[in-house]
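Okay, here's what each chain looks like letter by letter:
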Amino acid sequence: MSSYLPINLDDLLHNRGVESERVEFKKSWDEVSVGPQVLRTICAFANDLHNLNGGYVVLGVAERDGRAILPPEGLSESDSAAAESWIRGNCNRLDPPCAPLLSRETVEGRSILVVWAPASDTKPHRAPNRHGQPRFWVRVGSETVDAEQRGDLARQLIDQTARVPWDDRRAHDARVEDLRETKVREFLRDVGSGLIDEPDGREIYRRMRIVARANGHETPRNVGLLFFSNSPEQWFRGASIEVVQFAADRAGDVLEERTFRGGLADQLRDCLNYLENLSASHLQKQPDRSQVRGWVSYPLPALRETLVNALYHRGYDADQPEPVKVYLHPDRIEVISYPGPVPGIETAHFGADVRVPPEPPARNRRIGEFLKELKLAEGRHTGLPKVFRAMAENGSPAPTFDFDETRTWFRATLPAHPEYAALLALRDAAHLRALGQHMEAARRIESAWTANPASANLAVEMIRSHAKNNDVEKAEGVFQKFNDRGPQANVADVANALIDVLFEAGYESRARRILERHGSSLVGQAAIEAGIRARRVRDNRSAHRYFQQAGDAVQGDPRALLEFARAKLYLAQKPARRGSHDVRRRLLGEARKLLERAIQLDASPADRAWAWCELARAMDRQNVPTAEVERAYRKAIEFLPDERRFTSELKRLSHRRRG
């Protein structure tokens, strides 16, 4: 038989899209012990104290720590029939009666019974306790408890009775025909519900609870119009997403405006696709390892969760005509929704590791339920940690959240990745320089650096800018500030820029100190650059160490091969000491191998010429036959014919060896 459930059964059994507190498993069935427990839990789900839209009781499935044990124990045909009859009969005797939906399902060849008890329109309900006394039952976490034993829970339940959540209310000015059956069936297909096999569209609407009876006829519920009509704005003016992109200049001119309409899930997907296409990404292959290091301007999981939360927790009634607004600034994205959070939620609750108190009810239980079934929303209280985690893993600053004192709006701000904001600033500065506005370009870079001192690109640009003004102290100050605040993975890149500046300015001792301080942890390309700079300040021992730290990255870089070989040739001619003959011979052999590889790679004529020259010198010191050494010198002259040192060294070689 086809499923009566509007959700995916496998997701239900594995608590995907449905929180564990909304599901209760029972291994078997009997009327004496299991029956009353199930009845009280159905009553609690129907009372729906925390506005989660009820829950599910699954008979024939054992559990451990709130999770299903599969394959299921299963129910016999007689037990399934007896359970159905007992539950229907006793639910009619609840005060007031309620009618859960019962669906027999087959899992791994075994029969189970799923009881869906949605939030009731006629709550609060009472069910008998062990002594037969009618009591109000509610869910606290994964437990069903007697609300009257805790006066605060009973009071909350009574206070809530007069308030039907907005998204579950009837839309009296709409007709059932305003729902699009094709959209409903697309939803059922996307979530993997067996209800899609039901041929009668009106019956599907009833089982999904997107329609309700009013004045003798059926009318859509608000949530049904939001998800399954062509134009929800016809009834709810704020049911859209407005995206505005601002320019980086002082005026903050609007570059582009887009509005996303349609069913709630459709506009959410379309807006996310648009934002993802605007998001820049940077991938950098690490020469010393197989992984790729990279970042995106805004990590999609954080962007998705932030936008989903805005649509989930906002208001849609007549008092909230404003759409969700997404403002794209050069250095951040702001997502603004209306109104602010429900009472009980405070600014202090929006932290990376802060737990939201369980008391505040969700504003839109049905909207959240549909978004979770579509895998667009996270489980209860898990979305915020995901935003913080995604931003941190991307190397982005932490998100911020704020709202006004009267709770008329709520804003979530995702800062851009530091290097994304930096690249925009560098691009703007280049454009300004092309227009001849050099002072304005300098101000743009300095402003960006002041706002974003964790950017390696901006730090390098500031160091070079100060160097042009002959202000080495300010350049060193920029490096120190970045070293204190920037990612440690990028310190070497900024240090190398400062070393260049110091070297060009004649401060070799300062450059050497920075190399010594920051060189030990360098790998890959950063180590290669440090090795080249150490060679420039004639620190061959440090240069040799850096090239060794670079590992296999050296093998594909002709300049690195040349400088590594030069460091080895220098060390091979140090004064003799015990065992030094073997060391000298090893260093010469290693230098020769590096140079032989360098001349095979694609490099500039100058680098290839010097590689041939150094190879000739290494072979000469190894007493290689004269013809081979002369050939190496001639190759050097071929690539760089104006270099007189090659010619003079070749002449001296011929004179010395042939006497």
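Notes on the structure follow. (Residues numbered from 1 in each chain as written. Predicted model: local features only at pLDDT ≥ 70, side-chain atom pairs only at ≥ 80, totals over all residues. Heavy atoms only, no water.)

By the element assignment, Asp 48 lies in the loop between α2 (34–47) and β2 (55–59). Given a relative accessible area of 4%, Asp 48 falls into the buried group. Within the structure, Asp 48 has its side chain in polar contact with the backbone nitrogen of Gly 54 (distance 3.2 Å). Those residues within four positions of Asp 48 in sequence are excluded, and the remaining contacts are Asn 53, Gly 54, Ala 119, Lys 123, Gln 160 and Arg 365. (Helix = DSSP H or I, 4+ residues; strand = E, 2+ residues; numbered from the N terminus. Buried < 20%, exposed > 50% of the residue type's maximum accessible area, 1.4 Å probe, protein only. Polar contact = N/O pair within 3.5 Å; in protein donor to acceptor, adjacent residues only side chain to side chain. Contact = heavy atoms within 4.5 Å.)

Glancing now at the pattern of salt bridges. On inspection of all chains with the given rule, the structure shows 54 salt bridges. Linking Asp 11 and Lys 375 is a salt bridge whose minimum nitrogen-to-oxygen distance equals 2.4 Å. One end of the pair, Asp 11, is in helix α1 (residues 9–13); the other, Lys 375, is in the loop between α10 (365–373) and α11 (383–393), with 364 residues separating them in the sequence. Owing to a relative accessible area of 10%, Asp 11 belongs among the buried residues under this scheme. Put simply, Arg 411 and Asp 402 hold a salt bridge, and the shortest N to O gap is 2.6 Å. The class for Arg 411 is partly exposed, based on a relative accessible area of 25%. For Asp 402, a relative accessible area of 23% gives the class partly exposed. What emerges from the salt-bridge pattern is a single network uniting Arg 22, Asp 48, Asp 168, Arg 209, Arg 221, Arg 365, Arg 366 and Glu 369. (Salt bridge = Lys/Arg side-chain N within 4 Å of Asp/Glu carboxyl O.)

For the bond running from Leu 70 to Pro 71, omega is 0°, close enough to zero to count as cis. Mapped onto the elements of the fold, Pro 71 is located in the loop between β4 (67–68) and α3 (77–91). Phi is positive for Asn 15, which is not a glycine, with a value near 55°. In this structure, Asn 15 sits in the loop between α1 and β1 (23–26). Notably, Asp 65 is not glycine yet its phi reads approximately 55°, a positive angle. As for its placement among the helices and strands, Asp 65 is situated in the loop between β3 (63–64) and β4. Residue Asp 65 is classed as exposed on the basis of its relative accessible area, which comes to 76%.

Time to look at the environment of Leu 569. Along the chain, Leu 569 turns up in helix α20 (residues 558–572). Separated by 46 residues in sequence, Leu 569 and Leu 615 place their C-alpha atoms 10.0 Å apart.

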